[in-house]
Amino acid sequence: MERQVAIIGAGISGLLACKYTLSKGFHPIVFEAKSSIGGVWTKTVETTKLQTPKPVYQFSDFPWPSTVEEDFPNQHQVFDYIQSYANHFDLLRHIKFNTKVLSIEYEGPSEEEMQSWSMWGGIGDPFGSKGKWKVMVEDAQSFSTEDLGSTDAARRVLHRSLTWPDAGVQPPTQLPVHRCHVHLVDFVILCIGRFSDFPNIPEFPPNQGPEVFHGKVMHSMDYAAMDYKNAADFVKGKQVTVVGFQKYALDIAMECSVANGTEHPCTVLYKMEHWNVPDYLPWGVPLTYLYFSRFSELLVHKPGEGFLLSLLATLLFPVRWAFSKFVESHIENKLRLAKFGMVPKHSFHKEINSCLIATVPEKFYDKVEEGSINLKKSKSFSFCKEGILVNGEAQPLKTDLVILATGFQGDKKLKGIFVSPTFKDYIAGSLDATVPLYRECIHPRIPQLAVIGFSESISNLYTSEMRCRWLAELLDSTFKLPSIKEMEKDVAKWDEYMKRYSGQYYRRSCIGALHIWYNDQLCKDMGWNPKRKKGFIAELFEPYGPLDYASQ
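From a predicted model like this one, the values you see are computed outputs, not experimental measurements.

Thresholds applied
Residues numbered from 1 in each chain as written. Predicted model: local features only at pLDDT ≥ 70, side-chain atom pairs only at ≥ 80, totals over all residues. Heavy atoms only, no water. 1 Å grid on protein atoms, 1.4 Å probe; cavity = no way out; pocket = protein on both sides within 12 Å on 5 of 7 lines; lining within 4 Å. Points joined across faces, edges and corners; volume = space filled by probe spheres on them. Helix = DSSP H or I, 4+ residues; strand = E, 2+ residues; numbered from the N terminus. Nonpolar A, V, L, I, M, F, W, Y, C, P; charged D, E, K, R; others polar. Domains from an automatic or database assignment. Expected span 1.5 Å × (residues − 1). Buried < 20%, exposed > 50% of the residue type's maximum accessible area, 1.4 Å probe, protein only. Contact = heavy atoms within 4.5 Å. Buried area = accessible area lost by both parts, 1.4 Å probe. Salt bridge = Lys/Arg side-chain N within 4 Å of Asp/Glu carboxyl O.

**Q** When you look at the layout of surface pockets in this model, what are you seeing that I'm missing?
**A** Sizing a probe to match a water molecule and rolling it over the atoms shows the empty space that remains. One number sums up the size of the second largest pocket: a volume of about 950 Å³. Taken together, 39 residues line the second largest pocket, and the ones lying closest to its centre are F72, P278, D279, Y280 and T359. Broken down by element, the residue count for the lining of the second largest pocket peaks at five residues, all from helix α7 (residues 247-260). Across the lining of the second largest pocket, the residue classes break down as 21 nonpolar, five polar and 13 charged. Two domains each provide a minimum of three residues to the lining of the second largest pocket, namely domain 1 (5-133 + 409-549) and domain 2 (210-404).

**Q** Where do I start with helix α1 (residues 12-23) in this structure?
**A** Given 3.6 residues per turn, any residue in an α-helix points the same way as the ones three and four places further on. The terminal C-alpha atoms of α1 lie 17 Å apart, and with 12 residues this matches the ideal 16 Å at 1.5 Å per residue to within 8%. Along α1, the residues that are buried comprise I12, S13, G14, L15, L16, A17, C18, K19, Y20 and T21. In this fold, the buried residues of α1 make contact with β1 (4-8), β2 (27-31), α2 (75-88), β3 (95-96), β7 (187-190) and α16 (460-475). Two residues or fewer past α1, G25 is found with a positive phi of approximately 90 degrees.

**Q** Help me understand the domain arrangement of the protein in this model?
**A** Often, the extent of an interface is quoted as the loss of accessible area on bringing the components together. Each domain of the protein was delimited in the assignment, giving domain 1 (5-133 + 409-549) and domain 2 (210-404). Centre-to-centre, using C-alpha coordinates, domain 1 lies 27 Å away from domain 2. Each side of the interface is counted separately: domain 1 has 43 residues, and domain 2 has 40 residues. Three residues, Q51, Y501 and W517, lead the burial of domain 1 against domain 2; their summed loss comes to 19% of the area buried on that side. Run the count over domain 1 and domain 2 and you get two salt bridges.

Here it is as structure tokens:
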């Protein structure tokens, strides 16, 4: 019996899901709302580069080409690499482009029956409940006006039906027509990510929001969608304020400083300083040796660890502290953070456990020193006619353009795709807990569905590939999941770990500093040997990366 799998999204996770489900004989159909693969790499800020070293951000069976010599490839190089991967494994023929998934609805046993289950899907099998997912999609197709005949009257009827303003406008010969379809599939893999589509917009009191501002307010998502030249022209000659201090904020501020110099300095308004890195070689030591080895993971308490590992993590706390201070001293020295009042109060260890590491654009603090970028800290702000009212300051910050680099609401995006209110509540989980996914992939109480690429790591490509291989083995019945209660207990342990080390950022579901321990669980499930190195010393101290998992 042929099993059809719907994959929603053709970013990196979607391509990996497609490749590995194909390898097990399934029939994937990938729905992509855009006209291209690549997800967040399809279009981004011009100066954006890869945030992690190239060896850690690659497919296990498709290394980077030798022509890409940079350690941190730019957006074009990453996009070309992803396209080459899709072409090499002939994935494009399985993708429906310009096809937006509006909703998914489960048709099978009643919710009352499902609530009584002790195993996922009733019997612990990916297809055990015999249900189907109804995937509602909207596709945009090019529709020729000639299809209605050649008369002007017929063409005007078509234009009116598509709300085209025909008065005084020469009608085009091709127009997009949106059609809705329903697909019934056996399994759904959500690869919708968390860094697109649903911008996180701060809330403001009445009459203190963007509506009272006489300038323009936009989200970084809209800025990134602009053509590079148009973006540069758009900020030229404007007093720009960028809100945020993560990667998008830093890159956009640099582009504004290049466009306007000291004549119209760009202001970066931020809440908290971060340990953004100038490189991955603190004092000449590769960061991967400090945070990507088994030894580094012995320094932290892990979900499901035994007494001896817990005792060891407690005893090795001074080493963990020393590693963090070692990296912090390098960043502080190289970027001259103390000079600009930008030394964070939290540790680098917390930063990496929260997946908040961003690479500082080259010469960013030189721009701060010359005055083309101003840094201003504020816990809150609001708008007025002239610009921004910074908390604690009497005079408004005059500005023409405000760009909100304030992130995305990935959990709302994930929740919004379900029709069932019960499933919406399940997938969102509690507001004081991480999104409740077993192995960061499976919700114990939602059958025949997986989520790939929602929780974060230092290298999302690397982590997504491991998850897709695990999921493909699960679909192929290589192993079965434990009971619902056992899965929920495991989810609670990971939630406790994330709260312990990520603090207020636990909702990011970051496994950044524990990816080997996490991969060990996946390997054990699949029947693979989790120890991938040759020899005790290499196993303990050498960094782990994608190529270590190139084969079973």
